[in-house]
Amino acid sequence: MKAGAAALAAGILGGTGVLLFLIAFGTDYWLLATDTCAVFEHGNSTLSTGAAETPTEVGKEILTFHHEGFFWRCWFFGEGHPETIWTFWYTSQAHPKFCMHGYLFPMPIALGPFPHPSYDTTAVYRGFWTAFILLAVAAGLVGGLLLVCGVPFSSPRSYKIGGGFLLLSGGLFLLLVFLFVMWKEFAADFQKYILLERSEKCLDDVPVHVYYGWSFMFAAAGVPLVLLSGLLFFLVGRDIMDSLQ
């Protein structure tokens, strides 16, 4: 009975935590930023050549809002919008909105001389982050699948292995959150990173304000839930195994 109650609690915690991980993985709001450069060209060495995407009054200070995650790196111009994180909410975003693939950014920047003048030296750091988030999501899904299959049959082996995968997923997401904080606070030069596509057209003193997004917050909130769930499932599996011997 105690094992059943513990498994139920672990299932609720684990399901909630893995759902938060999937939301964090699938939404592109890990990093939020604003600047007032007000010039962005859609064509460069890595993007298809096209017309410049600029606000109507280039000389006027108009906020540019950026947000990015694993899949996409997006920006939109927010003339008349307040500089708060609530402007990034889906229903508050100005249109049109422009996006580019984010999971390899800024790795493909250097297509000319290497290193390219605007190449971001933290690209390798981001590459490790990309690999870890894929492993973390995969571990969470595998652990959840094993537990869904094992719970109806009270399989101690499925409990232990599934709990181990959840512990692995939670540990990797904890590492991801730590790496992201280190990258934001110490590694990345955001004046260069955010203005990477427009570095030659922006003044050196253009203010760039950077914030943690809600995708990051979802991931951080899911870490203790998944770790606790994985530990409970592992202990329940060991308890069932001991009772069968």
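Figured I'd write up the structure that's included with this text. (Residues numbered from 1 in each chain as written. Predicted model: local features only at pLDDT ≥ 70, side-chain atom pairs only at ≥ 80, totals over all residues. Heavy atoms only, no water.)

**A word on the overall build of the protein chain**
Phase 1 of the analysis: In terms of regular secondary structure, the protein chain is built from 5 helices and 7 strands.
Phase 2 of the analysis: Beginning at the N terminus, the succession of helices and strands in the protein chain can be written as α-β-β-β-β-β-β-α-α-α-β-α.
Phase 3 of the analysis: Across the 245 residues that make up the protein chain, the buried fraction comes to 45%.
Phase 4 of the analysis: In the protein chain, the proportion of contacts linking residues at least 24 apart, taken out of those at least 6 apart, comes to 73%.
Phase 5 of the analysis: Working note: accessible area of the protein chain is about 12,300 Å², and carbon and sulfur atoms make up 69% of it. (Helix = DSSP H or I, 4+ residues; strand = E, 2+ residues; numbered from the N terminus. Buried < 20%, exposed > 50% of the residue type's maximum accessible area, 1.4 Å probe, protein only. Contact = heavy atoms within 4.5 Å. Areas by Shrake-Rupley, 256 points an atom, 1.4 Å probe, with all protein chains shown as cover.)

**Here's the deal with the packing of aromatic side chains**
Phase 1 of the analysis: Overall, the coordinates contain 17 aromatic pairs when judged by the stated rule.
Phase 2 of the analysis: With 6.2 Å between their ring centres and 70° between their planes, W30 and F216 make a pair best called edge-to-face. In this pair, W30 is assigned in the loop between α1 (2-26) and β1 (31-35) and F216 in helix α5 (residues 214-244), connecting sequence segments 186 residues apart.
Phase 3 of the analysis: Residue W30 is classed as buried on the basis of its relative accessible area, which comes to 1%.
Phase 4 of the analysis: The class for F216 is buried, based on a relative accessible area of 11%. (Phe/Tyr/Trp six-rings, centres within 6.5 Å; stacked < 30°, edge-to-face > 60°.)

**Description of the pairing of β1**
Phase 1 of the analysis: Of all 5 residues that make up β1, 5 are buried, and the element is covered over most of its length.
Phase 2 of the analysis: Burial of the side chains of β1 extends over both faces: L31, A33 and D35 are buried on one face and L32 and T34 on the other.
Phase 3 of the analysis: Sheet topology places β1 next to strand β4 (residues 64-68); 5 bridges connect them, and they run antiparallel. Among the inter-strand pairings, A33 is bridged to a residue of β4, identified as H66.
Phase 4 of the analysis: Inspection of the sheet shows β1 paired to strand β7 (residues 208-212) by 5 bridges, in the antiparallel sense. Bridge pairing links T34 to H209 in β7. (Pairing = 2+ DSSP bridges.)

**What to know about the nonpolar core**
Phase 1 of the analysis: In this structure, W30, L31, I133, F173, F190 and I194 are the most contacted members of the largest nonpolar core, which totals 41 residues.
Phase 2 of the analysis: Secondary structure elements with two or more residues in this core: α1, β1, α2 (123-150), α3 (156-187), α4 (190-194), β7 and α5.
Phase 3 of the analysis: The element that contributes the greatest number of residues to this core is α3, accounting for 9 residues.
Phase 4 of the analysis: For F173, the residues in contact, after removing those within four places along its chain, are F21, I133, A136, V137, A219 and V223.
Phase 5 of the analysis: Listed in part, the 7 residues of the second largest apolar core include L32, F65, F88 and W214. (Core = buried A, V, L, I, M, F, W, Y, C linked by side-chain atoms within 4.5 Å.)

**Topic: the state of the cysteines**
Phase 1 of the analysis: Counting across every chain of the model gives 1 disulfide.
Phase 2 of the analysis: For C74, the disulfide goes to C99, at an S-S distance of 2.0 Å. Its torsion about the S-S bond being 110°, the disulfide of C74 and C99 is classed as right-handed. Here C99 lies in strand β6 (residues 97-101) and C74 lies in strand β5 (residues 72-77), a separation of 25 residues in the sequence.
Phase 3 of the analysis: Take C99: its relative accessible area is 33%, and that puts it in the partly exposed class. (Disulfide = S-S within 2.5 Å.)

**Comments concerning α5**
Phase 1 of the analysis: The first and last C-alpha atoms of α5 sit 45 Å apart over 31 residues, in line with the 45 Å expected at 1.5 Å per residue.
Phase 2 of the analysis: Largest kink in α5: about 30°, centred on G222, with the proline P224 one to four residues after it. (Expected span 1.5 Å × (residues − 1). Bend = angle between axes of the 7 residues up to and from the residue.)

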